[in-house]
Structures are given as structure tokens and as C-alpha cells.
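Descriptive analysis of the structure
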Amino acid sequence: MTDFTPTEMMTIAASRALTSKDVCFVGIGAPSAACNVARLTHAPDITLIYESGTIGTAPDVLPLSIGDGELCETAVSTVAVPEMFRYWLQGGRISIGFLGAAQIDKFGNINTTVIGDYHKPKVRLPGGGGAPEIASSCGEIYITLKQATRSMVEKIDFFTSFGHGEGGDHRERLGITTKGPTLLITDLAIWKPDPVTKEFTVVSLHAGVTREMVQETCGWTVKFADDLEETPVPTTEELTTLRDLNERTKIAHAGGKAA
Amino acid sequence: MGKVIPLDQAVRENLKSGDTVAFEGFTHLIPHAAGHEVIRQGISDLTLVRMTPDIIYDQMIGMGLAKKVIFSYAGNPGVGLLRRMRDAIENGYPRTIETIEHSHAAMANAYEAGAAGLPCAIFRGYKGADLPKVNPDIKSVICPFTGEELAAIPAHRPDVTFIHAQKANEKGDVLIEGIVGVQKEAALAAKRVVVTVEEIVPDFKGLHPNLTVLPHWTVTAISVVKGGAHPSYTHGYYARDNAAYLEWDKVSADRDLFDQWMKDNVLSATPEVFAERIKGL
């Protein structure tokens, strides 16, 4: 199909990175949509875990929060939050952590804590929640966000979650044994870290996207792979699945009543 | 031991100004009615402990009752930012607050350590993160067996923990089902435990044997408040009022609108109004 938005392309490209074998710790927002599109299309056996303790959940609509009741009702098991972080995450049982970000740098370090100085912030963001340990304990990390110069920056204001630090072997030097960020999916492109420097490099442009568009919306000088590819456009099945999911979600969240 | 009393009495007898208090419930079962009662009684200078401060602490902070907040995610879940908490941090309004910021893993571990009677929690965390630079409570220990460096933080030992639950039986045993969060740990870590419940039933015969979370002798007081988690939800009773979370984003964005909302919906209300609020959910 050719009629799709950049956000839809981002979500669908992200969903394609997941398989039925994955055990995935799902961040709220864009990651949650991508993970559930994967589950509803090519990865029906994927295990989705939300930090509220719901393991193997299969919601019919996207949760507004990570603790919506439907996550529990459709889960294989629901465990207490300390158990979630100790046995399942810290225990090394989760293969992929899927995170969003307010700010990211070229090495996949994430800031969701503050814009400006921590003690006198210009904007106080929500903070890390589960992300600091998701970033270090999951086998690898996928990140998804929309490109903008204010969110893709040369230097982040606060290291909420550690990616590749200053690049190279920085993770190993800190004693972190997991791979860290291995995939960045934006509304314009797919990025992968350089095997040596760990700097995120564009490996695939979404249909209709130019190198200039990627550079204009990114705060650092972008590197492109020599064999740059074009991301296949969404299939009818992918797009229909995503739109149906969003529509069901919209209807469900309009429910309830104001206090 | 688990005496059943009205909520205003339970709050008055158990929470004092200056206390360290946890209100827990991970999106599910957030004890909002108890929070409103604390606001009505004007109990202040509180150190508020909670993984996700959420609307419940946004209201207390906005009313100037908090001097310190220990937390790990200061968002309105699924909606955005906590605007009253932001106003306190960014502008010192209505008063300055001290913040002690952790990750979720750290907070969960700290409650568990408190419940286990340990002085600190030890876990593999904060690797490469900046929080240890701004939170002096985050330190490290070396494993004496492997040499691995691990994060260490103080255990949570609240003076009081407030939780909401589906039901208690006549003896005062408390049952929780669904997303159980960190309430058992937060309750067992505290000196006093106040539980609001949807209902009290004669006994738990016929129910799943693992559902009882707190035996009656671990609970200080129980108050029946139907709908007491609203706009959070109670699994099996009523759904999350997502529209109310969205509305809060607007109410909390404006100081005057907030004041008026608190007057209308909290200060001049009673716990009984929560039963009305969940109708149709």
C-alpha cells in the first residue's frame, strides 16, 4: 500500500523486527503498538511483558497505562512488581527491551528525566520508571521515536538509561554483559549501531524519505551505510491490523467518564 | 488487629504530620479515597513514597502537604506529565519539595527489603545511569563471593502504608487479585497499615487459596469505601476511568482550576461520593 503516514511506517517497521521466539519487555506508547502489531501479524507466539507484572499478555486494545486491567486478564501469569524486576528482568529472562525516548544521542543513550539541569530543570519529565534496568538487563534494546532535532541530540541532558555510553566498548568497561541498543526505528529510517564505534548509522530509508530529511531532523551529523536500503512499504495486512488496533483503542479509551 | 472503622478515623489515628507514608497500587487499586481523606484532614510535612506518584500525589503536592517525595516515575500514566508536581519542582509552588528519585527496580527492591526486615536492598541496577550522581541514597556494594559491584539503597520503612483491596473478610484478612503490584511488600514494610476495601464478606470460603495477601494480624485498620480506588480501578468491580486521567491533565495545568477542583471534589466531599463516581464504569 502507498497511502500511509510516517508514524504508521515507523510502527510497522518496528513490528517487523520482532519474532515469535522473542520475550519482549514493552514500553508504553509507540513500542506497545509495534509489539502488538507483531503479535497480531507475523509473531503470534511472541511473549509480551509489561512492567506491571503481566507476562505473556495479549490485549485486544492498546493499554493507556502499563497497568490496565486487560493486560492482566489476557496474561499467562501476573506476578508482583518486585518479582517482575528481580526474577524476570534481572534474572536475564527477557530477550528484548523495547523503549521510547524523549531525548536520544547517537550512541542510543536515553533521557526521559529532565530537560536542562537536574536540580533546576527547564522541563521535569516523568523519569526512568523501569527503563534504567531494562536497558542493562534485557538481551538487547530496540528504540523507537519520531525524528526531531530536539529529541535526537548531540548530547543528552541526563543519562536516564545507558546505551553505548561514549561508544566502542563502554558497556563492557562498566561490566554490562548485555548488547544494549541494537536497533533504532524512527518515522524516517532504520538505524543500526556501527559494529566498532557503536554509533547509530542509517541502514534503510523509508519510502519517499531522502538523506536530507533524515539529517534535517537529527541533531548530530548522520552517517549512512554504504549499502543503504529502502524499507518495504507496509503491506495491506500490516496497515489494516495497525489501524484496526488504533480504532479499537480509541473507542475503548473514550469510555469511562470524567470525575 | 484489622479493626473495621470509618476512613476519617483510620486516617486520624494512624497518620501524623511529618510521617513517612506510602500509598501503593500499580495503576490498579490506587487508594484515592484515603488520599482525599488525608487532604481533608490537612496532614502535612509528609514524606511521600510511591513508585508512580500519579494523580494521588499530584493532588497532595498541589495542596502543599508534601515536603519530600521518593519516587521512580513522575508521570500521569498513559497521559503525560504530573503538572502539580512539576510546578513544585520547577517553581517551588505551592512550596518547595525535596525529591529522592529511583528506578522502578530500586523502589520495588526497597519495599521488599523493608518487608524482609533488611536495612538495605541489593540488586543489579543503575549501570551507567546518572541517577546515582543526583541521589545520595544510591550506593554500591561488592559481592563477597563473585566481586561483582551491585547497587545498594536503603530499605523503605514507612510509618504508614495505605492500600486499597477488593475485599476483607469479617476477621480482617485482606484479599487482592489482578495486578498485585507492590502492595504486599509496602504493607509488610510499614509500621502501620490502613486498607480500604470495596466490601467486607463473611469469609473467603470457595475463593482461590492464594488470593489472601495480608492476614488480619498484619493490618492496623480497615475501612469500607466502595469505589475507593477511583479513577484507578478495582479488578472485578469497576474499570479504570481513563477519561478522568485525561481530564486531570487539564485540571492540573492551571493553579486556579486545580484549587477549585479540589474544593469541589475533595475538600467539600466525603468518602461516600466514591460509590457514585464508579457508576457506569
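Description of the structure in this document. (Residues numbered from 1 in each chain as written. Chains lettered and ligands numbered in written order. Predicted model: local features only at pLDDT ≥ 70, side-chain atom pairs only at ≥ 80, totals over all residues. Heavy atoms only, no water.)

**Things to note about the overall build of chain B**
Summing up its helical and strand segments, chain B has ten helices and 15 strands in all. Against the compact-globule benchmark of 19 Å for 281 residues, chain B has a radius of gyration of 18 Å, which places it among compact chains. Considered along the principal axes of its C-alpha atoms, chain B spans approximately 55 × 50 × 30 Å. Classification of the 281 residues of chain B by burial places 60% in the buried group. Roughly 10,300 Å² of accessible area belongs to chain B as shown, and the carbon and sulfur atoms make up 52% of that amount. Put simply, chain B has 29 plus and 34 minus side-chain charges, and the middle of one group is 2 Å from the middle of the other. (Helix = DSSP H or I, 4+ residues; strand = E, 2+ residues; numbered from the N terminus. Rg over C-alpha atoms; globule rule 2.2 N^0.38 Å. Buried < 20%, exposed > 50% of the residue type's maximum accessible area, 1.4 Å probe, protein only. Areas by Shrake-Rupley, 256 points an atom, 1.4 Å probe, with all protein chains shown as cover. Lys, Arg positive; Asp, Glu negative; His and termini not counted. Charge placed at Lys NZ, Arg CZ, Asp CG, Glu CD.)

**Focus: the sheet that holds strand β8 (residues 120-123) of chain B**
Two strands in a sheet stick together by hydrogen bonds in their backbones, pointing the same way (parallel) or opposite ways (antiparallel). Residue and element names in this part refer to chain B. As summarised here, the arrangement of the three strands in space is β8-β10-β9, forming an open sheet in which the pairing is antiparallel. Lying at the two open borders of the sheet, with one neighbouring strand each, are β8 and β9 (139-142). Adjacent strand axes in the sheet meet at a mean angle of 35 degrees when their direction is disregarded. Bridge count for β8 against strand β10 (residues 149-154) is four bridges, and the pairing is antiparallel. Its bridge partner being in β10, phenylalanine 123 is matched across the sheet by alanine 151. Contacts between helix α5 (residues 104-115) and the sheet are confined to β8 and β10, with β8 contributing the most and set at about 135 degrees to the helix. (Pairing = 2+ DSSP bridges. Axes fitted to C-alpha atoms, helices over the stretch in contact; angles between N-to-C directions. Contact = heavy atoms within 4.5 Å.)

**With respect to helix α8 (residues 236-254) of chain A**
Every α-helix carries 3.6 residues per turn, so stepping three or four residues along brings you back to the same face. Residue and element names in this part refer to chain A. Between the first and last C-alpha of α8 there are 27 Å, a value that for 19 residues agrees with the 27 Å anticipated at 1.5 Å per step. Restricting attention to buried positions, one finds in α8 the residues Glu238, Leu239, Thr241, Leu242, Leu245, Thr249 and His253. The arc that holds the buried residues of α8, viewed along the axis, is 165 degrees, so those residues lie on one side. The exposed residues of α8 that point more than 90 degrees off its buried face are Lys250, Ile251 and Ala254. (Expected span 1.5 Å × (residues − 1). Arc of directions from axis to C-beta.)

**Structural notes on the packing of aromatic side chains**
Tallied over the entire structure, the rule returns ten aromatic pairs over all chains. These aromatic residues form a ring-pair network of at least three members: Phe23, Tyr57 and Phe162 of chain B. Looking at arginine 211 of chain A, its charged tip hangs above the ring of phenylalanine 224 of chain A, at a distance of 4.9 Å from the centre. One residue, arginine 255 of chain B, lies across the ring of tyrosine 93 of chain B, its end atom 3.6 Å from the ring centre. (Phe/Tyr/Trp six-rings, centres within 6.5 Å; stacked < 30°, edge-to-face > 60°. Lys NZ or Arg CZ within 6 Å of the ring centre and 35° of its normal.)

**Description of the nonpolar core**
Side chains of a nonpolar character, in soluble globular proteins, are inclined to be buried together. Membership of the largest hydrophobic core comes to 77 residues, with the highest contact counts inside it found for Leu18, Cys24, Phe25, Trp191 and Val214 of chain A. Core analysis: the second largest hydrophobic core is formed by 43 residues, Ala33, Val69, Ala74 and Ile97 of chain B among them. (Core = buried A, V, L, I, M, F, W, Y, C linked by side-chain atoms within 4.5 Å.)

**Quick word on the pattern of salt bridges**
Applying the stated criterion across every chain, the model contains 23 salt bridges over all chains. Note that arginine 173 of chain A and aspartate 169 of chain A form a salt bridge whose closest N and O atoms lie 3.0 Å from each other. In this structure arginine 173 of chain A comes out as exposed when scored by relative accessible area, which is 52%. Take aspartate 169 of chain A: its relative accessible area is 41%, and that puts it in the partly exposed class. Here aspartate 249 of chain B makes a salt bridge to arginine 83 of chain B, at a shortest N to O gap of 2.9 Å. With aspartate 249 of chain B in helix α8 (residues 242-251) and arginine 83 of chain B in helix α4 (residues 83-91), this residue pair connects regions lying 166 residues apart in the sequence. (Salt bridge = Lys/Arg side-chain N within 4 Å of Asp/Glu carboxyl O.)

**Considering the environment of alanine 58 of chain A**
Residue and element names in this part refer to chain A. Mapped onto the fold, alanine 58 is located in the loop between β3 (54-55) and α3 (69-73). Look at alanine 58 and you get partly exposed, because its relative accessible area is 31%. Sequence separation between alanine 58 and alanine 252 is 194 residues; the distance between their C-alpha atoms is 15 Å. Leaving out residues up to four positions away in the same chain, alanine 58 has contacts with Arg39 and Thr74.

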